[in-house]
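Spelled out from the first residue to the last, the chains are:
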Amino acid sequence: ASSTSMASAELAVDNKSDQTPLARERQHAQDEREGRLRFVVVKNDGLDRSLISLIDMKSIYSKQLPKMGKEYIVRLLLDRSH
């Protein structure tokens, strides 16, 4: 994969906060085997679907990293040379 590629996970989120980390990992592995979880490489190639995926990832990163500026996240995700 090139340096402009990003990996994203697509999954319907189950909120099972009572699971141990190992149980969650096992569940994720099972979800991947059964096709409910997949990893996709997204490259900023200018295509609409790629840009939509990158913006979706920005939203995820913004929620998970609230102290990181949205502008910085966008710059990292959309920079074709990064």
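What counts, and at which threshold
- Residues numbered from 1 in each chain as written.
- Predicted model: local features only at pLDDT ≥ 70, side-chain atom pairs only at ≥ 80, totals over all residues.
- Heavy atoms only, no water.
- Helix = DSSP H or I, 4+ residues; strand = E, 2+ residues; numbered from the N terminus.
- Buried < 20%, exposed > 50% of the residue type's maximum accessible area, 1.4 Å probe, protein only.
- Polar contact = N/O pair within 3.5 Å; in protein donor to acceptor, adjacent residues only side chain to side chain.
- Salt bridge = Lys/Arg side-chain N within 4 Å of Asp/Glu carboxyl O.
- Axes fitted to C-alpha atoms, helices over the stretch in contact; angles between N-to-C directions.
- Left-handed = near helix turned anticlockwise from the far one by under 90°.
- Contact = heavy atoms within 4.5 Å.
- Nonpolar A, V, L, I, M, F, W, Y, C, P; charged D, E, K, R; others polar.

### Some details on the side chain of Asp31
Phase 1 of the analysis: Checked against the element boundaries, Asp31 lands in helix H1 (residues 21-33).
Phase 2 of the analysis: With a relative accessible area of 6%, Asp31 lands in the buried category.
Phase 3 of the analysis: Polar side-chain contacts of Asp31 include one of 2.5 Å to the side chain of Arg36.

### As for the pattern of salt bridges
Pairing is possible between side chains that carry opposite charge, provided their charged atoms lie close to one another.
Phase 1 of the analysis: Following the criterion strictly, the structure yields 2 salt bridges and no others.
Phase 2 of the analysis: The partner of Arg36 in a salt bridge is Asp31, and the shortest N-O contact between them spans 2.5 Å.
Phase 3 of the analysis: Among the ionic pairs, Glu34 bridges to Arg36, the shortest N-O distance being 2.4 Å.
Phase 4 of the analysis: For Glu34, a relative accessible area of 45% gives the class partly exposed.
Phase 5 of the analysis: The network of salt bridges with common partners includes Asp31, Glu34 and Arg36.

### Remarks on the packing of helix H2 (residues 48-64) against helix H3 (residues 70-78)
Phase 1 of the analysis: At a minimum axis separation of 10 Å, H2 and H3 run at an interaxial angle of 145°. In the packing of H2 onto H3, the handedness of the crossing is right-handed. Residues Leu51, Leu54, Ile55, Met57, Lys58, Tyr61 and Ser62 of H2 pack against Lys70, Ile73, Val74, Leu77 and Leu78 of H3.
Phase 2 of the analysis: Looking at the contact of H2 with H3, its residues break down into 9 nonpolar, 1 polar and 2 charged.

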